[in-house]
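Next come the chains, spelled out residue by residue.
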Amino acid sequence: MTLIKNSRIYIQEVSVRDGFQIEPEFIPTDQKIALINALSRTGVAKIEVTSFTSPKAIPGLADAEAVMCQIDRVPGVQYAALVPNTRGCERALACQVDEINLVMSASQSHNVANLRMTPEQSLGQFSDIAKLVDGNAFLNASLSTTFGCPFEGEVPLSRVLDMVDRFSDLGIQGVTLCDTTGVGNPRQVKEVCLAVQDRWPAMVFTAHFHNTRGMGLANALAALQAGIDRFDASLGGLGGCPFAPGASGNVCTEDLVHMFNAMGYDMGVDLDGLLELAKLLPDMVKHEVPGQVVKAGPSTRRYPLPGRQGGTDQTAGSFCS
Ligand code: COA
Ligand code: ZN
């Protein structure tokens, strides 16, 4: 197995979907649109704009049509939407999305808690959706709880492979491996990523990590080293599934870009632009956000030596411990 292929990394922004779906306060539609328009100019490859779910299940994204239809689309950026069922697919297609991102879980209990369907019922919907889409949008499936389930615990690799088999049979072109509650570890991530790419070399795989237990960046690095070149990430580290107990934010976009940048990878993404946008988030969501680099500054940041400005150097070293 060879899989170190990633000279270019694709950053896929999910803050307006995964992030805003769990915010207790509704983010006004015009603010969502302004953020998406600004994100479109940072060089990210894809933006998950919203979800076409039941507004009773996800009230924070009840304005899906308004957002999807009013954003300015930048050529070269893909605009995706999360879709749980055929009704959601019809709504998304009416808004000319570039990508339908289907969602279901590898584990039965989380699928029922999140979507009120068994996995087989979800797959039945996907089969109808594949016919409905008929090549008019890229078809991706996000597989929640790929690395573990908050209700059932371990999810065997064989289960993940079976699900990807089913997706492949339906003509689904991309699969996102989601660590919904941040339970995966780098060794496991490497094993899963190598196994799926080995079996489906033509499938477009994305890694989607949550930093719930501080393993998000380590898992992203493990996925990268296993040949994955597409990463979902969320500005400020917002995010989480409202139907997964203990869920918290995604891997933070600007922290991920900062790390890959420092390692010399090309993403075509403007880190400074992302940091400026991240600074706006606390006002928008009315709480602090977990991102680290926006607080510390990038690793290239340099400080004046303490004490030099006043002509004496008596304080030099006083910050050390
Ligand atoms: N968009 C808008 N409304 C929808 C819809 C969709 N995609 N799917 C169903 N509905 C509406 C139905 O029209 C019906 O409306 P009514 O009560 O006014 O008649 C109502 O929702 C119930 O429909 P039903 O088919 O019985 O759905 P449900 O209540 O079993 O919920 C889902 C199923 C999938 C729609 C719902 O669980 C859901 O949207 N989950 C999304 C979860 C999510 O996004 N999680 C975070 C991402 S991982
Ligand atoms: Zn997520």
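Not measured: the values here are computed from a predicted model.

Engineer: Hey, could you go over the nonpolar core for me, with residue numbers and the actual values?
Structural biologist: Core analysis: the biggest nonpolar cluster contains 93 residues, and Ile100, Phe167 and Phe231 have the highest contact counts within it. Ranked by the residues each element gives to this core, the list is headed by helix H11 (residues 271-285), at eight residues. Apart from residues lying up to four places away in sequence, Phe231 is in contact with Ile9, Tyr10, Ile11, Gln12, Thr206, Ala207, Ala220, Ala223, Leu224, Leu256 and Phe260.

Engineer: Outline the pairing of strand E4 (residues 99-105), supporting the account with residue identities and numerical values.
Structural biologist: Sheet faces and side chains relate simply in a regular strand, where the side chains alternate between the two faces. Among the seven residues that make up E4, seven are buried, leaving the element largely enclosed by the rest of the structure. With seven bridges joining them, E4 and strand E5 (residues 138-144) adopt parallel strand pairing. Within the sheet, the bridge partner assigned to Asn101 lies in E5 and is Asn140.

Engineer: Describe the sheet that holds strand E3 (residues 78-83), listing the residues and the values that go with them.
Structural biologist: Reading around the circumference, E1-E2-E3-E4-E5-E6-E7-E8 is the order of the eight strands in this closed barrel, with parallel pairing throughout. Taking each pair of neighbouring strands and ignoring which way they run, the sheet shows an average axis angle of 25°. In terms of strand pairing, strand E1 (residues 10-13) meets strand E8 (residues 230-233) through four bridges, oriented parallel. Paired with Gln12 across the bridge in E8 is Asp232.

Engineer: Please give an account of the coordination of the zinc ion (ligand 2) that cites residues and values.
Structural biologist: Put simply, a metal with four donors set out as a tetrahedron has ideal angles of 109.5 degrees, and one with six donors set out as an octahedron has ideal angles of 90 or 180 degrees. Donor atoms from the polypeptide that bind the zinc ion (ligand 2) are Asp18 (OD), His208 (NE2) and His210 (NE2), placed at 2.0 to 2.1 Å. Spacing between the donor residues of the zinc ion (ligand 2) along their common chain follows D-x189-H-x1-H.

Engineer: Tell me about the packing of helix H6 (residues 119-133) against helix H7 (residues 157-169), residues and numbers included.
Structural biologist: Taken N-terminus to C-terminus, the directions of H6 and H7 make an angle of 25°; their axes are 11 Å apart at the nearest point. Taken together, the axis directions place H6 and H7 in an arrangement best described as roughly parallel. Where H6 crosses over H7, the two elements pack in a sense that is right-handed. In contact with Pro119, Glu120, Leu123 and Phe126 of H6, H7 contributes Arg159, Met163, Arg166 and Phe167. The residue inventory of the contact of H6 with H7, partitioned by class, reads five nonpolar, no polar and three charged.

Definitions and limits used
- Residues numbered from 1 in each chain as written.
- Chains lettered and ligands numbered in written order.
- Predicted model: local features only at pLDDT ≥ 70, side-chain atom pairs only at ≥ 80, totals over all residues.
- Heavy atoms only, no water.
- Core = buried A, V, L, I, M, F, W, Y, C linked by side-chain atoms within 4.5 Å.
- Buried < 20%, exposed > 50% of the residue type's maximum accessible area, 1.4 Å probe, protein only.
- Helix = DSSP H or I, 4+ residues; strand = E, 2+ residues; numbered from the N terminus.
- Contact = heavy atoms within 4.5 Å.
- Pairing = 2+ DSSP bridges.
- Axes fitted to C-alpha atoms, helices over the stretch in contact; angles between N-to-C directions.
- Donors = N, O, S within 2.8 Å, 3.2 Å for Na, K, Ca; no water.
- Parallel < 35°, antiparallel > 145°, perpendicular 65-115°, else oblique.
- Left-handed = near helix turned anticlockwise from the far one by under 90°.
- Nonpolar A, V, L, I, M, F, W, Y, C, P; charged D, E, K, R; others polar.

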